[in-house]
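Residue-level structural notes
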Amino acid sequence: MNETSPQNVAPPLTPPVAPPLGLLAELTHRCPLACPYCSNPLELEPLAHELDTATWNRVFSEAAALGVLQVHLSGGEPVARRDLTEIVTHCAKIGLYTNLITSGIGLTERGVEALSEAGLDHVQLSIQDAEAASADRIAGYEGAYAKKQAVAAWVIKAGLPLTVNAVIHHANVSRAGKMVEMAVKLGARRVEIAHTQYYGWGLVNRAALMPGRTEAEAAVAEVEALRQTYAGTIVIDHVMPDYHARYPKACMGGWARRTLNITPTGKALPCHAAETIPGLNFANVRDMSLADIWFHSPAFEAFRGTAWMREPCASCERKEIDFGGCRCQALALTGDASRTDPVCIASPDHDKVAAVAGFRQEGAAEVPYVYRRQKQPVSSV
Ligand code: SF4
Ligand code: FES
């Protein structure tokens, strides 16, 4: 045995940082819809600030080399990028699994075929409601409901697996089950029913979006019952209303642990709302390699692992299950991103959830939406 044999190497004191598995690429903030629950920031980036095709493709190559397996092509509306097919072609060539997260608006039948031929692996189509008038009102776009029916048919015809995604809130909570049924009719293999997360525009619209207790609980029960009805037909992913859980979710699977986001301008973020946290500076893929950003940039180190935690998380047996919950939610509800997520029943701030984020009162007046507005023109594939 020589001195460099593995038996002589001292084990590291902390586990090494694993590479990311997924990358969410916000290709653009441009979007024809105006959904009031959008998680994009309030300051939307214009077309002129977006990364160009060559830079995105370089980032995807770096991601593949780093160990990323899946890229989620998102926005805004990623179909607004004229180079979307070119990007998909590149990702497929370097072996990345590509998931297009789209509202469907701007897609054509030929565009879907072209994306499929380019190697797209999966489509995740958003729906706003199971009733046309309400869906179009939520989206702030007349004709959105009808267009999505057509897009779903094109996706199925092209042989692409389809997931339907529905965000649940006051205006559609009574039709959560109908949206599962709609996803089945559209031919989806999977449906994601997700109660609104209050970040970005969702936070601005919280009073309008928050459901009442009775309607939220009824929706949860209805969707859970449909699991049995549709077992073997469609997979139901059900993301429960966060403010009403006993323990928080492991947001992003833990900060800088599994995935990262790249904004339209190239900023690398550990989560979509990370820019709301004061004091964090985010490296840009224009200036730094993805590997350097992931392993060494201070923003990714800030809440990685468990060493940053204070009590009650520091000595909690769940600390490697939920990683203290969501940093951005802790900030939004307590003003301090390093505190325990107030959703947790052990959090000293847990009362703030009930006080700030309580259910809508029975008979409360409707609150008008502040629509997410995008001034840039949108083009088709
Ligand atoms: Fe999770 Fe912290 Fe609550 Fe424990 S105390 S359950 S680690 S949020
Ligand atoms: Fe930022 Fe949860 S959204 S950590």
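Remember, it's a predicted structure, so these values are computed and weren't measured experimentally.

This paragraph deals with the environment of Leu 333. With respect to the helices and strands, the residue Leu 333 is situated in helix H13 (residues 327-334). A sequence separation of 19 residues divides Leu 333 from Lys 352, and the C-alpha atoms of the two residues are 6.8 Å apart.

Right, let's talk about the UniProt feature "domain: Radical SAM core" (unreviewed entry) in the protein chain for a bit. Here the UniProt-annotated "domain: Radical SAM core" (unreviewed entry) positions come out as residues 17-237. The distance from the first to the last C-alpha atom of residues 17-237 is 29 Å, and the span holds 42% helix and 17% strand.

What follows is about the pairing of strand S7 (residues 235-239). In S7, alternate side chains face the same way, and those of Ile 236 and His 238 are buried while those of Val 235, Asp 237 and Val 239 on the opposite face are not. With 5 bridges connecting them, strand S6 (residues 190-195) and S7 associate as parallel partners. Bridging from a neighbouring strand, Arg 190 pairs with Val 235 of S7.

Any two side chains of opposite charge can pair, on the condition that their charged atoms come close. If you walk through the whole model with that rule in mind, you get 18 salt bridges. Connected through shared salt-bridge partners, Arg 30, Glu 50, Arg 81 and Asp 83 make up one network.

A word on the confidence of the model for the protein chain. Across the protein chain, the average pLDDT comes to 91, with 92% of residues at or above 70. Per-residue pLDDT stays below 50 along residues 1-7; that stretch engages in 5 contacts with residues further than four places along the chain or on separate chains. Every residue in residues 376-381 is under pLDDT 50, and counting partners more than four places away or in other chains gives 18 contacts. For this predicted complex, the interface confidence comes out at an ipTM of 0.92, alongside a pTM of 0.91.

Here helix H6 (residues 176-186) crosses helix H9 (residues 213-229) at 30 degrees, and the two axes come no closer than 8 Å. One element, H6, and the other, H9, form an angle in the roughly parallel class. Residues Ala 176, Gly 177, Lys 178, Val 180 and Glu 181 of H6 touch H9, and the partners they reach there are Ala 219, Glu 222, Val 223 and Leu 226.

Attention now moves to the site of ligand 1. Close contacts around ligand 1 come from Tyr 247, Pro 248, Pro 312, Cys 313, Cys 316, Arg 318, Lys 319, Asp 322, Gly 324, Thr 340 and Cys 344, and that covers them all. Residues that form the shell around ligand 1 fall into these classes: 6 nonpolar, 2 polar and 3 charged.

A separate point is unusual backbone geometry. Of the consecutive residues Gly 75 and Gly 76, the connecting peptide bond is found in the cis state with omega at 10 degrees. Topologically, Gly 76 is positioned in the loop between strand S2 (70-74) and helix H2 (84-93). Residue Pro 312 is bonded to the preceding Glu 311 through a cis peptide linkage, with omega at 10 degrees. A positive phi angle, close to 60 degrees, is found at Met 252, a residue other than glycine. Mapped onto the secondary structure, Met 252 falls in the loop between S7 and strand S8 (259-262).

Calculation criteria
- Residues numbered from 1 in each chain as written.
- Chains lettered and ligands numbered in written order.
- Predicted model: local features only at pLDDT ≥ 70, side-chain atom pairs only at ≥ 80, totals over all residues.
- Heavy atoms only, no water.
- Helix = DSSP H or I, 4+ residues; strand = E, 2+ residues; numbered from the N terminus.
- UniProt positions renumbered as here; feature names shortened; annotations may be inferred.
- Buried < 20%, exposed > 50% of the residue type's maximum accessible area, 1.4 Å probe, protein only.
- Pairing = 2+ DSSP bridges.
- Salt bridge = Lys/Arg side-chain N within 4 Å of Asp/Glu carboxyl O.
- pLDDT = per-residue confidence, 0-100.
- Contact = heavy atoms within 4.5 Å.
- Axes fitted to C-alpha atoms, helices over the stretch in contact; angles between N-to-C directions.
- Parallel < 35°, antiparallel > 145°, perpendicular 65-115°, else oblique.
- Near = heavy atom within 4 Å.
- Nonpolar A, V, L, I, M, F, W, Y, C, P; charged D, E, K, R; others polar.

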